[in-house]
Every structure is written in structure tokens, then in C-alpha cells.
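# Fold and contact review
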Amino acid sequence: MTAGYETTSTTLAYATYVLAKHPEMLQKFSDEIDQLPLDNNNDSNEEANYKYLDYEIAAQMSYMVMFVFEILRMHLIVNAAIERYAFEATIVQGILIEKGTLGHADIYSNHFDREL
């Protein structure tokens, strides 16, 4: 059960860190939230109108969606899930991979390569 909350809390921690370091991003979030459609049937204060935001409304927040994707790209949470174990010796692009070798994909280099 730890994977369910640990990955979420770590992602939120990175998001909070990035927003703290870049207040201009926080302002863009605020501007985007201000543009959300409010519940016109609710006569109470403006804060109560935001109480019932749902997935469909959140999905319309293009800056937020891009921000979350960037956080997940820049601060990969689960890198160990992308690994392979060599069950037998083999040659890959001229390089001998011995039996029992554990290999990991180099996700960070791919995620930060400007050409990709």
C-alpha cells in the first residue's frame, strides 16, 4: 500500500518545490484558476463555488496539465520499475551482456535530451 501514497506525496512535494522556486508559475496557476467557470446557481461566496470542481473542469486547465507532465518528466518517481535481468549471456550492439546482469533504462538522459 505504500506505493499508492508515496508516489503521490513525492510528486506533490516536487511540484510544491518547483512552484516555490518559480513564483511566476504559481501566478499562471492562479490566473488559470480565475478563468474557471463558476457555479452560477450557488449564491454563496466565491470560495464555495470552487468546492465542486471535478475532473472535467480540471482537465480544461491546460497549464496545470502541462505542469504535472513536466514534474513527472523532470522528477521521475519510479525508475526501478524499468529494469531487465539477463537470463542468459547475449550480445547487444556488439556488447556482451553476461548472464545475471541487471540493466536499467537511462530514463533521465532521455527525459533531459533536448533533441528528443
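So, how was this worked out
Residues numbered from 1 in each chain as written. Predicted model: local features only at pLDDT ≥ 70, side-chain atom pairs only at ≥ 80, totals over all residues. Heavy atoms only, no water. Phe/Tyr/Trp six-rings, centres within 6.5 Å; stacked < 30°, edge-to-face > 60°. Helix = DSSP H or I, 4+ residues; strand = E, 2+ residues; numbered from the N terminus. Buried < 20%, exposed > 50% of the residue type's maximum accessible area, 1.4 Å probe, protein only. Lys NZ or Arg CZ within 6 Å of the ring centre and 35° of its normal.

## Looking at the packing of aromatic side chains
In this structure the tally under the stated criterion is three aromatic pairs. Between Phe29 and Tyr63, the ring centres sit 5.4 Å apart and the planes meet at 80°, which makes this aromatic pair edge-to-face. Of this pair, Phe29 sits in helix α2 (residues 23-34) while Tyr63 sits in helix α5 (residues 62-74); the two residues are 34 residues apart in sequence, bridging distant segments of the chain. A residue is classified by how much of its surface remains accessible, and Phe29, at 12% relative accessible area, is buried. On the accessibility criterion, Tyr63 (18% relative accessible area) is buried. Each ring, one from Phe29 and one from Phe67, has its centre 5.0 Å from the other, and the planes form 85°; the classification is edge-to-face. With a gap of 38 residues between them, Phe29 in helix α2 and Phe67 in helix α5 connect regions that are remote in the sequence. Of the two residues examined, Phe29 and Phe67, each falls in the buried class. Pairwise contacts between aromatic rings join Phe29, Tyr63 and Phe67 into one cluster. Against the face of Phe112 rests Arg73, its NZ or CZ located 5.0 Å from the ring centre.

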